[in-house]
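Now for the letters of each chain:
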Amino acid sequence: MLSLYRPGHSLWHRLPAGPKTTLVTLIVLSVCLLPVTWTGAATAAAIAVACYLIPGMGLSELGRQLFAVRWLIAVTALGQFLFLGPERAVANTTRISAALVIGALIVLSTSATALLNALERGLKPLQWCGVDRQRVALLLVVTFTMVPVLARLAGEVRQAQQARGGRVSLRYFATPFLILALKHADSLGDALSARGVR
Amino acid sequence: MSASARVDTIQMDDVSVRFADTDVLRNVCCSLPARTTAVIGENGSGKSTFARLIGGLARADSGTVRVLGLDPARETAALRRRVAVVFSNPDAQIVMPTVAEDVAFSLRSEKLPRAEKTRRTQAALERFGLTALADRPTHDLSGGQKQLLALCGAFVREPDLVIADEPTAFLDARNARLIADRLLKNGSHRVLLVTHDLDLAQRCDQAVLISQGTITAVGAPGGIVKAYQELLVC
Ligand SMILES: Nc1ncnc2c1ncn2[C@@H]1O[C@H](COP(=O)(O)OP(=O)(O)OP(=O)(O)O)[C@@H](O)[C@H]1O
Ligand SMILES: [Mg+2]
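Small disclaimer: the values here were computed from a predicted structure and weren't measured.

Draft legend 1. Main features of the UniProt feature "domain: ABC transporter" (unreviewed entry) in chain B. Here the UniProt feature "domain: ABC transporter" (unreviewed entry) sits at residues 10–231 of chain B. Along residues 10–231 of chain B, the helical share is 35% and the strand share 26%, with 25 Å between the first and last C-alpha atoms.

Draft legend 2. Representation of the UniProt feature "transmembrane region" (unreviewed entry) in chain A within the structure. All names here are of chain A. Within this numbering scheme, the UniProt entry marks residues 21–54, 66–84, 96–116 and 136–154 as carrying the feature "transmembrane region" (unreviewed entry). Across residues 66–84 one finds 95% helix and 0% strand; the C-alpha atoms that close the span lie 23 Å apart. Structurally, residues 96–116 comprises 90% helix and 0% strand, and the distance from its first C-alpha atom to its last is 26 Å.

Draft legend 3. The arrangement of the site of ligand 1 in detail. Residue and element names in this part refer to chain B. All residues adjacent to ligand 1 are F19, V24, E42, N43, G44, S45, G46, K47, S48, T49, E166 and H196. With respect to ligand 1, the side chain of K47 contributes an N or O atom lying 2.7 Å from an oxygen atom. Between ligand 1 and T49 there is a distance of 2.6 Å, counted from an oxygen atom to a side-chain nitrogen or oxygen. Protein contact buries 55% of the 630 Å² of open area that ligand 1 shows by itself. Sort the elements by how many residues they give to the shell around ligand 1 and helix α1 (residues 47–54) lands first, with 3 residues. Classifying every residue of the shell around ligand 1 by side-chain character gives 2 nonpolar, 7 polar and 3 charged.

Draft legend 4. Expanded view of the interface of chain A and chain B. Counting residues at the interface gives 26 residues for chain A, matched by 24 residues for chain B. In this assembly, chain A packs against chain B so that about 2,200 Å² is buried in total across both faces, 56% of it on carbon and sulfur atoms. Three residues, D190, A194 and R195 of chain A, lead the burial of chain A against chain B; their summed loss comes to 32% of the area buried on that side. Here chain A is connected to chain B by 4 salt bridges. We note a salt bridge from D91 of chain B to R152 of chain A, for which the minimum N-O separation is 2.7 Å. Where chain A meets chain B, there are 13 residue pairs in polar contact (both at pLDDT 80 or more). Here the residues of the side of chain A that touches chain B sort into 14 nonpolar, 8 polar and 4 charged.

Draft legend 5. The environment of M57 of chain A, seen in detail. Residues and elements named next belong to chain A. Looking at where M57 falls in the secondary structure, it is placed in the loop between α3 (38–53) and α4 (59–68). Judged by relative accessible area, which is 12%, M57 ranks as buried. Each C-alpha atom, one on M57 and one on T39, is 25 Å from the other, the two residues being 18 residues apart in sequence.

Draft legend 6. Looking closely at the packing of helix α5 (residues 143–155) of chain B against helix α6 (residues 173–184) of chain B. Residue and element names in this part refer to chain B. Running from N to C, α5 and α6 cross one another at 10°; their axes reach a closest spacing of 10 Å. Viewed along their axes, α5 and α6 adopt a mutual orientation that is roughly parallel. Packed against α5, whose contacting residues are G144, Q147, L148, L151 and F155, the element α6 presents N175, L178, I179, R182 and L183 at the interface. The residue inventory of the contact of α5 with α6, partitioned by class, reads 6 nonpolar, 3 polar and 1 charged.

Draft legend 7. Here's a closer look at the domain arrangement of chain A. Domain annotation of chain A identifies domain 1 (1–110) and domain 2 (112–198). Computed from C-alpha atoms alone, the centre-to-centre distance between domain 1 of chain A and domain 2 of chain A is 26 Å.

Draft legend 8. Highlighting unusual backbone geometry. Residues and elements named next belong to chain B. Even without being glycine, D14 reaches a positive phi, approximately 50°. Residue position: D14 is located in strand β1 (residues 10–19). D14 sits in the partly exposed class, given a relative accessible area of 37%. In the Ramachandran plot, L68 falls in the positive-phi region, its phi being about 50° despite a non-glycine side chain. Considering the arrangement of structural elements, one finds L68 in the loop between β4 (62–67) and α2 (76–82).

Draft legend 9. Layout of the sheet that holds strand β6 (residues 161–165) of chain B. All names here are of chain B. In space, the 6 strands of this open sheet follow the order β5-β6-β7-β3-β8-β9, with mixed pairing throughout. Among the strands making up the open sheet, the edge pair consists of β5 (83–86) and β9 (214–219). Mean inter-strand twist for the sheet, computed between neighbouring axes without regard to direction, equals 15°. Looking at chain direction, β6 and strand β7 (residues 190–194) are connected through 5 bridges and run parallel.

The rules behind each value
Residues numbered from 1 in each chain as written. Chains lettered and ligands numbered in written order. Predicted model: local features only at pLDDT ≥ 70, side-chain atom pairs only at ≥ 80, totals over all residues. Heavy atoms only, no water. UniProt positions renumbered as here; feature names shortened; annotations may be inferred. Helix = DSSP H or I, 4+ residues; strand = E, 2+ residues; numbered from the N terminus. Near = heavy atom within 4 Å. Polar contact = N/O pair within 3.5 Å; in protein donor to acceptor, adjacent residues only side chain to side chain. Areas by Shrake-Rupley, 256 points an atom, 1.4 Å probe, with all protein chains shown as cover. Nonpolar A, V, L, I, M, F, W, Y, C, P; charged D, E, K, R; others polar. Contact = heavy atoms within 4.5 Å. Buried area = accessible area lost by both parts, 1.4 Å probe. Salt bridge = Lys/Arg side-chain N within 4 Å of Asp/Glu carboxyl O. Buried < 20%, exposed > 50% of the residue type's maximum accessible area, 1.4 Å probe, protein only. Axes fitted to C-alpha atoms, helices over the stretch in contact; angles between N-to-C directions. Parallel < 35°, antiparallel > 145°, perpendicular 65-115°, else oblique. Domains from an automatic or database assignment. Pairing = 2+ DSSP bridges.

Written as structure tokens, this is what we have:
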């Protein structure tokens, strides 16, 4: 999920953000509803490959996406294998992985600006119950952008601890990281107001 | 001279800002007419609070503030359209995942035709030498490039006043020069620059010395820097 927008010319890239989101959601839903059998697993995998191959995203991108969620796949597979046996383990893991990588297509092939515009439009129906759609859309997009920054902050805190000879412990990690993250959010809020966001 | 040039950039009359029980700024009075103004002073003296007050990001507890003739507390929307703010940490100012999108983001809230927004974005990227980086992910940029982007995102709105709070603090000497040149470069915009770099302060038209929450001297940068250095010695 960390992998952000990659410029390109695939069919996914050319599809407008709104219809693309709907289509991807439908595919993900159908993958989730596949039967928990060997055939179901094979179908899920085939759909995922097709979603990358046919519109021209390429298999290497699929590989990168799978690599990004490798730990999630490993943990799911192991747990299910121990408790549910091989067929259900393989079927469930394949369906989950397929759903993740297909879902990633939206973020991969949609620029943040297009996503922001589509979200603002898509959230319009929620306006009647007082949802500030511009704010919600911005929040979602900014969250994506902040992931690499937060990852870097976390790395800095960990390194500072190691430099002082401390063992890395969650307790001594959480406090400085939280403070840094909150301070960052505070400055970001200032910067957003300064750039004309109400 | 245009009409706006007759208004002082910043005017304050008996302004105080309190956090909890302490006065961070107290009884500040000033009238700053120059195009470029440097603000210098020790750590914790209240420079950033002064800058935030002018940028409409902090409120005065008493006194009156006028920025380009506007009251930042009441005419915030009008102030935002004319005043841009740049901070030290570029990471906290970059919002979008790619360079061009981040610059364009500054124009989102402006009611301009889309073609005009694109034109202004491209012109700003060009002016700041960022055209080649337009599609690069923002988090891959170097610190200097990030700060250049932050500055570009401020200037694309064509502000009348740019407030910069230690914009060169995290940069090496070369990038610091580059950013300072871009910021102070002749133009119609005015600049309020908070800095610990005394050479940089000397490049402004006037300087303000803040000490323990109040303005203790205003004048030509040479004299103000000297006064500050004497203060630091004793
Ligand atoms: N949000 C806040 N809450 C409480 N106290 C604050 C807050 N912001 C600033 N202060 C206090 O106000 C004083 C002035 O802070 P300010 O950031 O304006 O100083 P500065 O001159 O910019 O310092 P520096 O050169 O270190 O950036 C400091 O004593 C600081 O602790
Ligand atoms: Mg400061």
